[in-house]
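Structure at a glance
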Amino acid sequence: MLRTPVGMATAVLLGVVLLLAVVAPLLWGGRADAVDTAHILAPASAEHWAGTDNLGRDIFFRVLVATRTSVWLALLSTGLGVAVGLLLGTAPLLLGPRLGRLVTAAVNIAVAFPGLLLALSFAVIFGAGASGAVPAIGLAIAPGFARLTQTLAATVAGRDFVAAARIAGVGRVRVLLRHVLPNIAEPLLVNATMAAGGSLLAFAGLSFLGLGVQTPGYDWGRLLGEGLNGIYLNPAAALVPGVAVVLAGLAFNLVGEAAAKAVGPRTTTAPARGASVDVAAPAERRGADRAGVAGQDDAVLVVEDLRVSFGPVTPVRGVGFTLRRGEAVGIVGESGSGKSLTALAVAQLIEQPGHVAARRLEFLGDDLLRTPPRARPRLLGTSLTMVFQDPMTSFNPVQRIGRQLAEVAEQHLGQRRGPALARAVDRLRAVRIPGAARRARQFPHEFSGGMRQRAMIGMGLMGEPKLIIADEPTTALDVTVQRQVLSLLAEVRAADDVAVLLISHDLGVVEQVCDRVLVMYAGRFVEDLPVARLRGGARHPYTRALLGAVPDLATDRDQPLVVIPGRPADPAAPPPGCAFAPRCPLADDHCGRADPALVDDGSGGRVACWHADERPEPVLSAATEGEGR
Ligand SMILES: Nc1ncnc2c1ncn2[C@@H]1O[C@H](COP(=O)(O)OP(=O)(O)OP(=O)(O)O)[C@@H](O)[C@H]1O
C-alpha cells in the first residue's frame, strides 16, 4: 500500500501529525502561550492565521502545540483498550471452554452498549480530566476489540496447525503466542489503528464537553469548544482544530491498512494449492520402553466401543479396531459416516461440547481415557503424527517451514534452536524436498501442495512416530503428486515400522497403502476385511456398492455413473435396525428391526450384515436427479 499514491500520502500525513506531536511544543510552545491583551478575540489575519482567543493567544499555534496532547492521550487510551480487549478476547483460549463462555457472554453484553455511551458513563465515574478520560475511552473500545479478537482467534484455533500443535503438546499460552496471535495480527492491527482514530475523536468529544483535558492544559477538543463559543465572530477558531481532528483521525485510519501489510504480508498472500499434512510428534526416550511394552502384542492402538457424541447426536456409535506396528489400516465410507471423528477421537482432538467414550482406548499401552488431560498431549505428542487434508490450514502461514519443524524438536526433545533447525533441514531432505536448507527458510505459501504435504510428513519424522493418522491426505492433490505422497507414506511406514490409519473416501488410495479396510456407515463399521479381499471378496452390500460406484477402465462411458441409491443416514436419527437397510436391496423386515453386530467370519474379516453370506443382486442403480453421494 505504501507504493500506491494514496498509501504514500496517508503515511506522509501521519508522519506529519506525529512529527508535529514531537516538535510543535518545542518550537511554538512559547508563542502558543503568549498572552496579548491588545489582540483579544481577534479574527483570522496574516499575523494570526486562525485569530486569537480571549487572552489574545494565537489559536493556530495552540492547535499545532495541542497535537502532542491530543495524539498522546488518544494513543494511551487505544493502548489500554487494545490490551484489555486482547485479554478478554483470548480468555476463552486460555481459560478453557467453561470459563471462556462466561467471558464471552460478558463481552457480548458490553458490546451491546454504544461506545460513546460507555465512554461518557466511565468518564463520569472516573471523574473529569485526562486521567479519567483515558481509562473511560480505553474501556469503551475494549469490548469491540475483545469481540473481534475472540472471533478471529476462534477461527484460527479451529485450524489444523493449531490441532497439530496441541497434539505435539504445545501449551495454551504458547499456542496463543506462536500460532494464534501472529495469524490474527493483521486485522487486529488495522482495527487498533482505526480505534486510535476513533479515540482521537472521542477524546476531542469529551474535552469539548468539559470531561476531558482541563485548563490550563488544552487539546483539540478543548480548542474546538472554545472556538465554537465565538464562531460567528471568528469561524477559523473552531474550523482549524476541527480540521486537525479530522485529518489526524483519517491518517490513523488509512495508515492502519499499510501497517497491517507490513506486519503480516504472508497472511494475506498465502495461496491455496494442494493438500497438506499436519503435525508431528517425535519420540522421547521413554517411547522406546513403551514400544517394548507394546511390542509384546505389537498393538499400537486398541479401540473398543468408541462413541463420539454431540449432545443427543452420536455420529460415532461404537467402533472398535486394533492397529499393530507397521500395519496400515484404511477407513472408508461416504461423507458424514464418522471417519474423521473417529480419527479425531483417537488423537484426543474432540472439543466440547463433543464427548468421547469408549470401553478401551489405548495408545502404546497407555489408557488414553484414564490419562489426565494435561498429560495426554505429552503422551500423544511424542508418538503420534496427524496428517490433515486442508492445504490452507495445515501449516501456520506466518512461520517459516523450518521453524515449525524445529519447534517439535525444541518442545519434545529439548533441543536448542540451532540443532533443532539442523534436524529440521535433515528431515526435509529425508522427505526429498530439494534444496532443503533454502526451503526451510521459506513460508508455507512458497511450497506447492505436494511439497507441503511432504514437509508435514517430515515434521512427523522430527521424532519417531509410532502412528500416523492421515485424514484424506491426498484429496486435494493431482494424481502424480498424490502417488508421490502415498509412496512416501509407504516408505516411512516400511522404514520405521510405523502404523498408519488412513481415512479416505477413495478406495484406490486405500488399496495402494493399506493392509486392511474398515468400511464405515452411519457411525459404525459394517465390514473389516483385508485389502486383498476388497475386490471380489467383500461381503457387505454397502462395501460392494462402494466398489461398484468407482468407475474403472472397463466402465461403459456411455452409461450414467453408478451411484448408491438413497441418502446416507442422518446421525441425529439413525434408522432402527441396520442403518443401511433403507438403501439395501437385500433388506427385509428383520433388517429394519435388529441391528446386526460386527461378527468375525473366521477368515480374517468381520462383517455386520444379516445377509452377508447371500450373493445379492447388485444394489446399484443408475444416477437419478437428487440422489447420490
Ligand atoms: N463438531 C460437531 N458437532 C456436531 N456434529 C458434528 C461435529 N463434527 C462432525 N459432526 C457430525 O458428525 C458426522 C460425522 O462427521 P465426520 O467428519 O466424522 O464425517 P466423515 O465421515 O469424516 O465425512 P467427510 O468425509 O465428509 O469428512 C457428520 O454428520 C457431522 O455433521
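Everything below is about the structure printed above this text.
Residues numbered from 1 in each chain as written. Predicted model: local features only at pLDDT ≥ 70, side-chain atom pairs only at ≥ 80, totals over all residues. Heavy atoms only, no water.

1. Digging into the site of the ligand
All residues in the neighbourhood of the ligand are listed as Phe-310, Pro-315, Glu-334, Ser-335, Gly-336, Ser-337, Gly-338, Lys-339, Ser-340, Leu-341, Glu-472 and Pro-571. The contact in question runs from an oxygen atom of the ligand to an N or O atom on the backbone of Gly-336, over 2.8 Å. Interatomic distance of 3.1 Å between a backbone N/O atom of Ser-337 and an oxygen atom of the ligand. Starting from 630 Å² of accessible surface for the ligand in isolation, the protein chains cover 58%. Of the residues belonging to the shell around the ligand, the class tally is four nonpolar, five polar and three charged. (Near = heavy atom within 4 Å. Polar contact = N/O pair within 3.5 Å; in protein donor to acceptor, adjacent residues only side chain to side chain. Areas by Shrake-Rupley, 256 points an atom, 1.4 Å probe, with all protein chains shown as cover. Nonpolar A, V, L, I, M, F, W, Y, C, P; charged D, E, K, R; others polar.)

2. Notes on the side chain of Arg-403
Within the secondary structure, Arg-403 is located in helix α14 (residues 401-412). Residue classification places Arg-403 among the buried residues on the basis of a relative accessible area of 12%. Filtering out sequence-adjacent residues up to four positions away, Arg-403 remains in contact with Arg-178, Glu-410, Arg-417, Leu-421 and Ala-440. (Helix = DSSP H or I, 4+ residues; strand = E, 2+ residues; numbered from the N terminus. Buried < 20%, exposed > 50% of the residue type's maximum accessible area, 1.4 Å probe, protein only. Contact = heavy atoms within 4.5 Å.)

3. Concerning the environment of Ala-237
Relative to the assigned elements, Ala-237 resides in helix α9 (residues 236-263). A relative accessible area of 6% means that Ala-237 is categorised as buried. Spatially, the C-alpha atom of Ala-237 lies 9.3 Å from that of Trp-49, the residues being 188 residues apart in sequence. Beyond its immediate sequence surroundings of up to four residues, Ala-237 is in contact with Ala-50, Ile-59, Leu-223 and Gly-227.

4. What about a nonpolar patch on the surface?
Taken together, the side chains of Val-6, Leu-239, Val-243, Leu-247, Leu-250 and Leu-254 make up a nonpolar region of the molecular surface, amounting to roughly 520 Å² of accessible area. A per-element tally of the nonpolar patch places α9 first, with five residues. Structurally, the position occupied by Leu-247 is in helix α9. (Patch = residues over 30% accessible without salt bridge, like charges linked within 9 Å, V, L, I, M, F, W, Y side chains within 5 Å. Salt bridge = Lys/Arg side-chain N within 4 Å of Asp/Glu carboxyl O.)

5. What to know about the sheet that holds strand β9 (residues 499-503)
Pairing is mixed in the open sheet, where eight strands are placed in the order β7-β8-β9-β3-β10-β11-β14-β13. Only two strands of the sheet have a single partner each, and these edge strands are β7 (384-387) and β13 (599-600). When strand β8 (residues 467-471) meets β9, the two strands line up parallel, connected through five bridges. Counted as the bridge partner of Ala-470 is Leu-502 from β9. (Pairing = 2+ DSSP bridges.)

6. Structural notes on the pairing of strand β11 (residues 524-530)
The element β11 is extensively covered by neighbouring structure, given that five of its seven residues are classed as buried. Pairing between strand β10 (residues 516-521) and β11: six bridges, direction antiparallel. When the bridges of β11 are listed, Met-520 appears paired with Phe-525. Where β10 folds back onto β11 in an antiparallel hairpin, the turn is made up of two residues, including Ala-522, whose phi is positive at roughly 50°. For β11 and strand β14 (residues 606-607), the ladder comprises two bridges, and the chain directions are antiparallel. Note on β14: the bridge partner recorded for Glu-527 is Val-607.

7. With respect to unusual backbone geometry
Outside of glycine, negative phi angles account for most residues, and trans bonds account for most peptide bonds. In this model, Thr-215 is joined to Pro-216 through a cis peptide bond whose omega is 5°. Looking at where Pro-216 falls in the secondary structure, it is placed in the loop between α7 (172-208) and α8 (220-229). With phi around 50°, Leu-41 is a residue other than glycine that occupies positive phi space. Here Leu-41 shows up in the loop between α1 (5-33) and α2 (59-95). Classification of Leu-41 as exposed rests on a relative accessible area of 51%. Positive phi values are uncommon outside glycine, yet Asp-305 reaches one of about 50°. When you line up the elements, Asp-305 lands in strand β1 (residues 299-310).

8. Notes on the nonpolar core
Formed by 64 residues in total, the largest nonpolar core has its most connected members in Leu-405, Leu-428, Leu-502, Val-517, Val-519, Tyr-521 and Tyr-542. At six residues, helix α18 (residues 479-496) tops the list of elements feeding residues into this core. Mapped onto the domain boundaries, this core takes at least three residues apiece from domain 2 (291-514) and domain 3 (531-629). The next biggest cluster of nonpolar side chains, apart from the first, holds 35 residues, and it includes Phe-321, Leu-361, Leu-467 and Ile-503. (Core = buried A, V, L, I, M, F, W, Y, C linked by side-chain atoms within 4.5 Å. Domains from an automatic or database assignment.)

9. Focus on the side chain of His-540
Relative to the assigned elements, His-540 resides in the loop between α20 (534-537) and α21 (541-548). Within the local environment of His-540, its side chain forms a polar contact with the backbone nitrogen of Tyr-542, the two atoms lying 2.9 Å apart. Apart from residues no more than four positions distant in its own chain, His-540 is found in contact with Val-526, Glu-527, Phe-580, Val-607, Ala-608 and Cys-609.

10. Points about the pattern of salt bridges
Scanning the entire structure with this criterion turns up 25 salt bridges. The partner of Arg-360 in a salt bridge is Glu-304, with the nearest N and O atoms 3.2 Å apart. Note that Arg-360 is positioned in strand β5 (residues 360-363) and Glu-304 in strand β1, a separation of 56 residues in sequence. The class for Arg-360 is partly exposed, based on a relative accessible area of 32%. In this structure, Arg-427 engages Asp-426 in a salt bridge whose closest nitrogen and oxygen atoms are separated by 2.9 Å. Taken together, the shared-partner salt bridges in this structure form one network comprising Glu-304, Asp-305, Arg-307, Arg-359, Arg-360 and Glu-362.

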